Amino acid sequence: QVQLVESGGGLVQPGESLRLSCAASGSIRSIYSMGWYRQAPGKQRELVAGISRGGSENYKDSVKGRFTISRDNAKNTVYLQMNSLKPEDTAVYYCNAYVSGIVVVGPRDYWGQGTQVTVSS
């Protein structure tokens, strides 16, 4: 089994920064893509940023230039640095990883439990 554990959410004022972390653990053979999604109340879950094993990044248009995704393959960890936060960034943020496991070999998606990010004055 594979587990994803997120940390780093919280309450900040507009213009401030937060850094989210997500560590994968368990019976991992290889982690392919990793990413961050978010879901605001009453809205669908959406991709915020993704990163391939080789480091190629992609971002939702509204966060380009403010958010930066990175990963440490040795630690099976992905990060999301969020700067210049806006109230519209308020959501539950979920970590995602596409993983080939030792027990379940065929790669599949795994999800973290979510961490709340609230941007409010």
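Just above sits the structure.
This one's a predicted model, so the numbers in the text were calculated from it and none came from an experiment.

S.K.: Sorry, what's going on with the sheet that holds strand β3 (residues 18–26) here?
M.R.: Backbone-to-backbone hydrogen bonds join strands into a sheet, with any given pair of strands oriented parallel or antiparallel. The strand order across the open sheet formed by four strands is β1-β3-β8-β7, and the pairing between neighbours is antiparallel. Whereas interior strands pair on both sides, the edge strands pair on one side only; in this sheet they are β1 (2–7) and β7 (67–72). Each strand of the sheet is rotated relative to its neighbour by a mean of 15 degrees, with strand direction disregarded. Strand direction decides the pairing type here: β3 and strand β8 (residues 77–82), joined by six bridges, are antiparallel. Following the sheet pairing, Ser21 is matched in β8 by Tyr79.

S.K.: Would you mind going over the nonpolar core with me for this structure?
M.R.: Within soluble globular proteins, side chains that are nonpolar generally end up buried alongside one another. The biggest cluster of nonpolar side chains holds 31 residues, and the ones touching the most others in it are Trp36, Phe67, Ile69, Val78, Leu80, Met82 and Tyr93. Breaking this core down by element, the ones donating at least two residues are β1, β3, β4 (28–39), β5 (46–51), β7, β8, β9 (91–101) and β11 (115–119). Considering each element in turn, this core owes the most residues, five residues, to β9. If sequence neighbours within four positions are ignored, Met82 has contacts with Glu16, Ser17, Leu18, Leu20, Arg66, Phe67, Tyr93 and Val117.

The rules behind these values
- Residues numbered from 1 in each chain as written.
- Predicted model: local features only at pLDDT ≥ 70, side-chain atom pairs only at ≥ 80, totals over all residues.
- Heavy atoms only, no water.
- Pairing = 2+ DSSP bridges.
- Helix = DSSP H or I, 4+ residues; strand = E, 2+ residues; numbered from the N terminus.
- Axes fitted to C-alpha atoms, helices over the stretch in contact; angles between N-to-C directions.
- Core = buried A, V, L, I, M, F, W, Y, C linked by side-chain atoms within 4.5 Å.
- Buried < 20%, exposed > 50% of the residue type's maximum accessible area, 1.4 Å probe, protein only.
- Contact = heavy atoms within 4.5 Å.

Just geometry here; none of it tells us what the structure is for.
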